[in-house]
Amino acid sequence: MADSRLGHLADVLVSYSTGIEPGDIVLLETTPLAAPLLRELYRRVVGAGGHPQVRIGLDGAAEVLLSQGSDEQIQWVNPMRSEDFERADARIAVEASSNTRELTGVDPARQAGYSVARESLRERYLERSRAGELRSVVSAYPTTASAQDAEMSLQEYEAFVYRAGFLDRDDPVAAWRELGERLGRLSAWLCERREIRVVTEGTDLTLGVAGRTWIPCDGKENFPDGEVFTGPEESSVEGRVSFTYPATFGGRIVRGIVLRFEGGEVVEARADDGEPFLREMLAMDDGARRAGEFAFGMNEAIREFTGHTLYDEKIGGTVHLALGMSYPESGGLNRSALHWDLVCDLRSGSEVYADGELVYRNGEFLPELF
Amino acid sequence: MNDPRVVRLAQVIVEYSLEVRERQILRIDAPDVAAPLALALYRAALAAGGFPYPTIAVDGLLEILLDEGSEEQLAFVSPLQRHEIETIDALATIWSETNTRSLSRVDPGRHARFLGAQRQLSNRRWERISAGEMSWCGTLFPTNAHAQDAEMSLARYEDFVYGACHVDENDPSAHWRLVAASLRRRADDLESVRELRIVGPDTDLVVGVEGRKWIAADGRFNMPDGEVFTSPVETETEGEIRYTFPAIYHGHEVEDVRLRFEAGRVVAAEAARGDDYLRSLLDMDEGSRVLGEVAFGLNYEIDRFTRNILFDEKIGGTMHLALGSAFPQAGGANTSGLHWDMICDLRAGGEVYADGELIWKAGRFLAEAVTDPAEPVEAAERG
């Protein structure tokens, strides 16, 4: 039973996001749950003359490793993985979880150790991405586990996922190019600003962005996409932020996170639920207490919170702030094994100021600015 | 997935077959449908101090490559695969399928070219195994597709598979160590034989084995296992053989194969069904008409034909004689793109003579292996 929307998704990922060309070595990474999409991707990569290299995870292996492995086993970096990131020309990674909370029972410190051990792998991968040597996109496949997080039926969730990727439109790629142009203009304008202040209930946060680059995200590295982001000045972040939405991360959930920053560092952190995990993540390394990314979610086709960061951080009318690693292309310098996106809804009772001037209200940039 | 037999199968493979040691990298090749065994292997390898990683396959990808790939894509061996085969210390392969006939309709020529290119990897793997640089074991996780081929329910097929592996017992490693000792003695006994004569219904075949080394297949490379085999002298096979069981190659079934050999080569061949396919394989290359292997199947827990060579070639009381590539470690010299195991049931009226002396009748060696009457093979039979 082929779902034609899957074919459209595969088309966009192969021809638009990664632009596969003859001779490309293409990593296709997912889980067995996404097999229907994987087959469509595989077919299109072969059709484009590429060499697909399939990397499929085994359900349950992460939990076994983190709960039963020795420290040495947890920190072991598979040389095959390093070689993948060294050699591949393109990578299409598709998240497809059978249980988004499967790691809730493991020791967060061991989980942090796992991430820290893989930092060099991630850095090399980002380095090659930046140099244009590795074109990489992260996407997701609708599973019942994700539908459950979204509190939807699978059918409703599928409709949500495909709508978020503009795959219900006649020409999805044209729609992504159009959004890309709009976000490009917004980014250019934001690049001229020095300071952003976000005010909403429970939140009054100021970030310095002078000299930093804002990046428009148009479906090349995330799919779906739709955000503009930068790396804030490392010691500039001041104030308090309450994250509206629960944050799903590393196979568990943390609810009601409130952070207070001073001199760019988190000096106070609490959560209604999952606070020990939050603390463990903040203690992962020196960079984990700083904001590595600040972004505006700009995808108007994503309206609802679904508990999946890939979608939640793009909700039109939200901002997100990531603890940890910044993307060097934004000018951010923060290094960390952590990169944890936390989302704040600004669609009601909210204002954003740029260099003291009101530029955004209740989830939208003021139209008169553009 | 709480079947304790799955856990024991994983343990026997990690501890006995592969002997995974600390810091050894174990790749676990498994199709999605074999996930329970893959996870059990992963767990067992971690417990042994190894660095395991799974590589999971899903249905339908190879078919796309074979149907739609360019010649260049079919022949492509990625540098990632080359690196991997040089790097791993151990490999566990789970052969399970959800549809054993999914490739029945792909172009055989294209499939052969794909396999030809991939052979660079398998050849290198065998080189490293022979040099003692890595270990390998192939096994099977029971699925409905294999049960269907065996004409059994899944539950009965599971009993069959786990019984053949002796993982329905508490200490399968101990069992396989006993089997290994027994098979080694059997192989030693056969070492002095110059010529085997196999006599059965429509079968009277002489196979020269002088100077060849007999190898005990004792559960290290396959699980289950249980055979002794060698590669015959290339020019001495003479006479006729009729294979009672269907001969299966890459999902194609050829029924009632009859071959006539002269001076080591097949000079006449016929089959009741699949005659054309038989001929196309015989004409594959210079070595495809010559025997590459002769073997005694000695796993008496495997008592029926199930259309899966992992089990069929070990059926207690059968012999198999494979056309095509020989085993260098047995002293065999024949090379071919083909290695086609065909099985001859000798349980009813079969006899085997070694240099004129009757050594095997109705599927059993007449004498226990000479050196030790402690009958570990009998122990294996009792299960």
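Keep in mind it's a predicted model, so treat the numbers as computed, not measured.

**Topic: the overall build of chain B**
Scanning chain B from N- to C-terminus turns up twelve helices and 20 strands. Taking 383 residues into account, the globule formula puts the C-alpha radius of gyration at 21 Å, and chain B, at 20 Å, falls close to it. With the principal axes as the frame, chain B shows a C-alpha extent of 55 × 50 × 40 Å. By residue count, 56% of the 383 residues in chain B fall in the buried class.

**Quick word on the interface of chain A and chain B**
Of the residues lining the interface, 35 residues belong to chain A; the matching set on chain B comes to 37 residues. The junction of chain A with chain B conceals about 3,100 Å² of combined surface from both sides, 70% of it contributed by carbon and sulfur atoms. Of all residues in chain A, the largest losses of buried area upon contact with chain B belong to A:L58, A:W76 and A:M80, amounting jointly to 20% of the total for that side. For A:R43, the salt bridge goes to B:E68, with nearest N and O atoms at 3.1 Å. The interface formed by chain A and chain B contains eight residue pairs in polar contact (both at pLDDT 80 or more). Counting residues per element, the ones that place at least two in the side of chain A that touches chain B are β1 (25-30), α2 (35-47), β2 (51-56), α3 (61-68), α4 (71-75) and α5 (79-87) of chain A.

**Regarding a negative patch on the surface**
Together, A:D59, B:D32, B:D59, B:E63, B:D67, B:E97 and B:D107 make up a negatively charged patch on the protein surface. Looking at the secondary structure, you find B:D107 in the loop between β3 (90-94) and α6 (108-130).

**What about the pattern of salt bridges?**
All names here are of chain A. Here the structure, examined in full by the defined rule, presents 61 salt bridges over all chains. The partner of R260 in a salt bridge is E262, and the shortest N-O contact between them spans 2.8 Å. Shared partners join several salt bridges into a network, and the residues in it are E29, R55, R81, D84 and R91.

**Comments concerning the side chain of A:D341**
Residue and element names in this part refer to chain A. Its place among the elements puts D341 in strand β17 (residues 339-345). Buried and without a salt bridge, D341 has K314 as its closest oppositely charged side chain, separated by 7.4 Å. Looking at D341, its side chain comes within polar contact range of the side chain of H339, at 3.4 Å. If we skip the residues at most four places from it in the chain, D341 touches E293, T309, E313, H320, L321 and A322.

**Digging into helix α10 (residues 172-190) of chain A**
Look at α10(A): 27 Å from first C-alpha to last across 19 residues, which is about the 27 Å you get at 1.5 Å a residue. All of the buried residues in α10(A) are A:P172, A:V173, A:A175, A:W176, A:L179, A:G180, A:L183, A:L186, A:S187, A:W189 and A:L190.

**Regarding the pairing of strand β19 (residues 357-361) of chain A**
Looking along a regular strand, one sees side chains alternate from face to face of the sheet. Residues and elements named next belong to chain A. Pairing of strand β18 (residues 351-354) with β19, which is carried by four bridges, proceeds in the antiparallel orientation. Residue pairing for β19: E351 is matched across the bridge by R361. Pairing analysis gives two bridges linking β19 to strand β20 (residues 364-365), with the strands arranged antiparallel. Note on β20: the bridge partner recorded for R361 is E364. Remark: two residues form the turn of the hairpin made by β19 and β20, two consecutive strands paired antiparallel; N362 in that turn has positive phi of roughly 50°.

**Some points on helix α6 (residues 108-117) of chain A**
Where α6(A) is concerned, the buried positions are A:P108, A:R110, A:Q111, A:A112 and A:A117. Against the buried residues of α6(A) lie α3, α4, α7 (119-130), β12 (252-254) and α11 (275-282) of chain A.

**Observations regarding the packing of aromatic side chains**
Aromatic ring pairs are reported here in terms of the distance separating the ring centres and the angle at which the planes meet. All names here are of chain A. Here the structure, examined in full by the defined rule, presents 31 aromatic pairs over all chains. Plain terms: the ring middles of F294 and F296 are 5.5 Å apart, the flat faces sit at 80° to each other, and that makes the pair edge-to-face. Judged by its relative accessible area of 1%, F294 falls in the buried class. With a relative accessible area of 0%, F296 lands in the buried category. Linked through ring pairs, W214, F294, F296, Y360 and F365 together constitute an aromatic cluster.

**A closer look at the sheet that holds strand β4 (residues 135-140) of chain A**
Residues and elements named next belong to chain A. Strands sit in the order β2-β1-β3-β4-β8 across an open sheet of five strands; the sheet is parallel. Strands at the two margins of the open sheet, each flanked by one partner only, are β2 and β8 (222-223). Pairing of β4 with β8, which is carried by two bridges, proceeds in the parallel orientation. Considered in β8, the bridge of V138 is made with N222. The strands touched by helix α1 (residues 4-17) are β3 (90-95), β4 and β8; relative to β4, the strand with the most contacts, the crossing angle is about 160°.

**A word on empty space enclosed by the protein**
Residues and elements named next belong to chain A. Inspection of every chain in the model, using the stated rule, returns four cavities of 30 Å³ or more. Reported here for the second largest cavity is a volume of approximately 70 Å³. Lining of the second largest cavity is provided by Y245, P246, A247, T248, F305, H308, T309, D312, D341, L342 and V343. Of all the secondary structure elements, the ones that give two or more residues to the lining of the second largest cavity are β11 (247-249), α12 (309-312) and β17. No other element matches the three residues that β17 contributes to the lining of the second largest cavity. Its residues placed into classes, the lining of the second largest cavity shows six nonpolar, three polar and two charged.

**Topic: the confidence of the model for chain B**
Residue and element names in this part refer to chain B. Taken residue by residue, chain B gives an average pLDDT of 93. The fraction at 70 or more is 96%. Considering only residues more than four positions removed or in separate chains, one finds that residues 370-383, a stretch of pLDDT under 50, has 22 contacts. Among the prediction metrics, the complex's ipTM stands at 0.91, with pTM recorded as 0.92.

**What to know about the sheet that holds strand β15 (residues 291-297) of chain A**
All names here are of chain A. Sheet architecture is open: five strands sit in the order β7-β9-β15-β16-β17, paired in antiparallel fashion. Whereas interior strands pair on both sides, the edge strands pair on one side only; in this sheet they are β7 (215-217) and β17. Along the sheet, successive strands turn relative to each other by an average axial angle of 25°, direction set aside. As judged from the six bridges shared by β15 and strand β16 (residues 318-324), these two strands associate in the antiparallel manner. Looking across to β16, one finds that A291 is bridged to L323.

Reading guide: rules and limits
- Residues numbered from 1 in each chain as written.
- Chains lettered and ligands numbered in written order.
- Predicted model: local features only at pLDDT ≥ 70, side-chain atom pairs only at ≥ 80, totals over all residues.
- Heavy atoms only, no water.
- Helix = DSSP H or I, 4+ residues; strand = E, 2+ residues; numbered from the N terminus.
- Rg over C-alpha atoms; globule rule 2.2 N^0.38 Å.
- Buried < 20%, exposed > 50% of the residue type's maximum accessible area, 1.4 Å probe, protein only.
- Contact = heavy atoms within 4.5 Å.
- Buried area = accessible area lost by both parts, 1.4 Å probe.
- Salt bridge = Lys/Arg side-chain N within 4 Å of Asp/Glu carboxyl O.
- Polar contact = N/O pair within 3.5 Å; in protein donor to acceptor, adjacent residues only side chain to side chain.
- Patch = residues over 30% accessible without salt bridge, like charges linked within 9 Å, V, L, I, M, F, W, Y side chains within 5 Å.
- Areas by Shrake-Rupley, 256 points an atom, 1.4 Å probe, with all protein chains shown as cover.
- Lys, Arg positive; Asp, Glu negative; His and termini not counted.
- Charge placed at Lys NZ, Arg CZ, Asp CG, Glu CD.
- Expected span 1.5 Å × (residues − 1).
- Pairing = 2+ DSSP bridges.
- Phe/Tyr/Trp six-rings, centres within 6.5 Å; stacked < 30°, edge-to-face > 60°.
- Axes fitted to C-alpha atoms, helices over the stretch in contact; angles between N-to-C directions.
- 1 Å grid on protein atoms, 1.4 Å probe; cavity = no way out; pocket = protein on both sides within 12 Å on 5 of 7 lines; lining within 4 Å.
- Points joined across faces, edges and corners; volume = space filled by probe spheres on them.
- Nonpolar A, V, L, I, M, F, W, Y, C, P; charged D, E, K, R; others polar.
- pLDDT = per-residue confidence, 0-100.

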